[in-house]
Amino acid sequence: VANDARYAATVGRRVTTTVGLAYTGDPTISHPFDAAVIGGVAKGLAEGGFNLLLLNLKSKTKAENYTQFFIRSGIRGVVLRTQAASRELCVDIARESFPHVVLAERFDDPRVNCIDCDSKPESMRAVQYLISLGHRRIAFATHSIPVRDHADRLEGYREAMAKHDLAVPREMIYRYPATLASGATIVKMAMSAAIRPTAIYFADWALAVGGIKAAHKMGVRIPDDLSIVGFDDTNMRQAVHPTLTAVCQNAEQLGTEAGLRLTELIAGRSDTQFRVTLPAFFEINESTATPSGGRLIAPGDNDVEQPPAA
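Parameters at a glance
- Residues numbered from 1 in each chain as written.
- Predicted model: local features only at pLDDT ≥ 70, side-chain atom pairs only at ≥ 80, totals over all residues.
- Heavy atoms only, no water.
- Helix = DSSP H or I, 4+ residues; strand = E, 2+ residues; numbered from the N terminus.
- Buried < 20%, exposed > 50% of the residue type's maximum accessible area, 1.4 Å probe, protein only.
- Contact = heavy atoms within 4.5 Å.
- Pairing = 2+ DSSP bridges.
- Expected span 1.5 Å × (residues − 1).
- Polar contact = N/O pair within 3.5 Å; in protein donor to acceptor, adjacent residues only side chain to side chain.
- pLDDT = per-residue confidence, 0-100.
- Core = buried A, V, L, I, M, F, W, Y, C linked by side-chain atoms within 4.5 Å.
- Right-handed = clockwise from strand over helix to strand, strands pointing away.
- Phe/Tyr/Trp six-rings, centres within 6.5 Å; stacked < 30°, edge-to-face > 60°.
- Axes fitted to C-alpha atoms, helices over the stretch in contact; angles between N-to-C directions.
- Parallel < 35°, antiparallel > 145°, perpendicular 65-115°, else oblique.
- Left-handed = near helix turned anticlockwise from the far one by under 90°.
- Nonpolar A, V, L, I, M, F, W, Y, C, P; charged D, E, K, R; others polar.
- 1 Å grid on protein atoms, 1.4 Å probe; cavity = no way out; pocket = protein on both sides within 12 Å on 5 of 7 lines; lining within 4 Å.
- Points joined across faces, edges and corners; volume = space filled by probe spheres on them.

### A closer look at the overall build of the protein
Then, in step 1: The helix and strand inventory of the protein stands at eight helices and twelve strands.
Then, in step 2: Expressed as a percentage of its 310 residues, the buried residues of the protein come to 52%.
Then, in step 3: At a minimum sequence separation of 6, the contacts of the protein that also span at least 24 residues come to 70%.

### Remarks on the pairing of strand S4 (residues 100–103)
The side chains of a regular strand alternate, residue by residue, between the two faces of the sheet.
Then, in step 1: Burial along S4 is two-sided: the face carrying His100 and Val102 and the face carrying Val101 and Leu103 are both buried.
Then, in step 2: Bridge analysis of strand S3 (residues 77–81) against S4 gives four bridges, and the strand direction is parallel. By the bridge assignment for S4, Val79 is matched with Val101.

### Digging into helix H1 (residues 32–46)
Then, in step 1: Compared with the 21 Å implied by 1.5 Å per residue over 15 residues, the 21 Å span of H1 between its first and last C-alpha is a close match.
Then, in step 2: Those residues of H1 that fall on the buried side of the exposure criterion are Phe33, Asp34, Ala36, Val37, Ile38, Gly40, Val41, Gly44 and Leu45.
Then, in step 3: Next to the buried residues of H1 lie strand S1 (18–23), strand S2 (51–55), S3, S4 and helix H8 (251–266).

### Some details on the side chain of Thr198
Then, in step 1: Take Thr198: it is sitting in the loop between helix H6 (180–191) and strand S8 (199–202).
Then, in step 2: On the basis of relative accessible area, Thr198 is assigned to the buried category, the value being 17%.
Then, in step 3: A polar atom in the side chain of Thr198 sits 2.7 Å from the side chain of His135.
Then, in step 4: Not counting chain neighbours up to four residues away, the residues in contact with Thr198 comprise His135, Arg136, Arg137, Asp225, Leu226, Ser227 and Pro291.

### Focus: the confidence of the model for the protein
Then, in step 1: Averaged over all residues, the pLDDT of the protein is 89; the fraction at 70 or higher stands at 89%.
Then, in step 2: Between residues 294–310, whose pLDDT stays under 50, and residues either more than four places distant or in other chains, the model counts 32 contacts.

### Here we look at the nonpolar core
A general tendency of soluble globular proteins is for nonpolar side chains to be buried together.
Then, in step 1: Among the nonpolar cores identified, the biggest contains 51 residues, and Val127, Ile138, Tyr157 and Phe202 are the most heavily contacted of them.
Then, in step 2: Top element by residues in this core is helix H7 (residues 205–218). It accounts for eight residues.
Then, in step 3: In this structure Tyr157 touches Val127, Ile138, Ala139, Phe140, Val168, Met172 and Ile173, once residues within four positions along its chain are discounted.
Then, in step 4: Counting 24 residues, the second-largest nonpolar core is a separate cluster that includes Val37, Ala104, Ala251 and Leu265.

### Description of the pairing of strand S9 (residues 227–232)
Then, in step 1: Buried residues dominate S9, accounting for six of its six residues.
Then, in step 2: Bridging between S8 and S9 involves three bridges; their strand directions are parallel. Paired with Ala199 across the two strands is Ser227, which belongs to S9.
Then, in step 3: With H7 bridging S8 and its parallel neighbour S9, the resulting β-α-β unit is right-handed.
Then, in step 4: Of the pairings in the sheet, the one linking S9 to strand S10 (residues 245–248) comprises four bridges and is parallel in character. The residue bridging Gly230 from the neighbouring strand is Ala246, located in S10.

### Considering the packing of aromatic side chains
The geometry of two aromatic rings is summed up by the distance between their centres and the angle between their planes.
Then, in step 1: Overall, the coordinates contain six aromatic pairs when judged by the stated rule.
Then, in step 2: Here Phe140 and Tyr201 contribute two aromatic rings whose centre-to-centre distance is 5.4 Å and whose plane-to-plane angle is 80°, an arrangement assigned as edge-to-face. Here Tyr201 lies in strand S8 and Phe140 lies in strand S6 (residues 138–143), a separation of 61 residues in the sequence.
Then, in step 3: Chaining the aromatic ring pairs together yields one cluster made of Tyr66, Phe69, Phe70 and Phe98.

### Observations regarding the packing of helix H4 (residues 120–133) against helix H5 (residues 148–163)
Then, in step 1: At a minimum axis distance of 7 Å, the contact between H4 and H5 shows a crossing angle of 40°. With respect to H5, the element H4 is oriented oblique. Our pair here, H4 against H5, has a crossing hand that is right-handed. Counting all contacts with H4, which are made through Lys120, Ser123, Met124, Val127, Gln128 and Ile131, the residues of H5 involved are Asp152, Arg153, Glu155, Gly156, Tyr157, Glu159, Ala160, Met161 and Lys163.
Then, in step 2: Grouping the constituent residues of the contact of H4 with H5 by class yields six nonpolar, three polar and six charged.

### So, empty space enclosed by the protein
Then, in step 1: With the rule as written, the count across this model stands at one cavity of 30 Å³ or more.
Then, in step 2: Of the pockets and cavities examined, the largest cavity occupies roughly 50 Å³.
Then, in step 3: Around the largest cavity, the lining residues are Phe33, Ala104, Glu105, Asp116, Cys117, Arg148, Asp149, Arg153, Gln249 and Leu254.
Then, in step 4: If one sorts the elements of the lining of the largest cavity by residue count, H5 sits on top with three residues.
Then, in step 5: Its residues assigned to classes, the lining of the largest cavity comprises four nonpolar, one polar and five charged.

### Considerations on the sheet that holds S3
Then, in step 1: With parallel pairing, the six strands of this open sheet are ordered in space as S2-S1-S3-S4-S5-S11. Looking at the sheet topology across the chains shown, the edges are occupied by S2 and strand S11 (275–279). For this sheet, the mean inter-axis angle between neighbouring strands, taken without regard to orientation, is 25°.
Then, in step 2: Pairing between S4 and strand S5 (residues 114–118): two bridges, direction parallel. The residue bridging Val102 from the neighbouring strand is Cys114, located in S5.

And the structure:
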């Protein structure tokens, strides 16, 4: 009866200043995005006098609900990272009205507090930029595990290609784990294809960097033989040669916003649910150019943005 009523003892309970960070699926804490976003969360929480603690949801017993588990663990609020297969856990926590925020995901359920970055519009812009350079065979590489932000980038790619009546054959979309090795594999496969792409949009920084390294080893010139657009959560685009043209998001800002809003919920300064979407941006650098044997589209042709003059 106590569990069904979501009862949690308050007598003798020590008030803490701890916020939990929990993964509903496999932890990805070593990924540069997670490192940057967690740093932002810690910064946002510090302004309210809170600390961040890594929490293992698997240590919850079957007899207790999430609120009881969090209180037993001395947790005042929780920051959640999730994947498609385990999104329902976020909804379960939201149903209990425990202070929470889900990072880098989007939910239709209004009870789920979430903060993400919408990279679809800038992904469309990036692909349209490639088209304006004269590219027609543009491949797309994404994480093999379904996640919301990669889905946004794929939708942007598809819509930009469709807008200009460009086909997207199945073999032009690569789905691999987001690792350097996978990026290398994708470039090797693309360069050995019967009809090679002249450009690839990598929806993850690790795929892009792995692809660039493999291209250098293979003697594939970037951007002369292959243009590459990547995605960057931090400043990784500046650490490769040539400097990566990329769709970018500020992961630290995303985390800071999450931390600030969560402290407001915990402190009782806000009692409403929230869904916040921050914008991405597109940055043109040195890894993209007119394809070999290609041409620049004339101004106004196909209604795409023209590349800046050299």
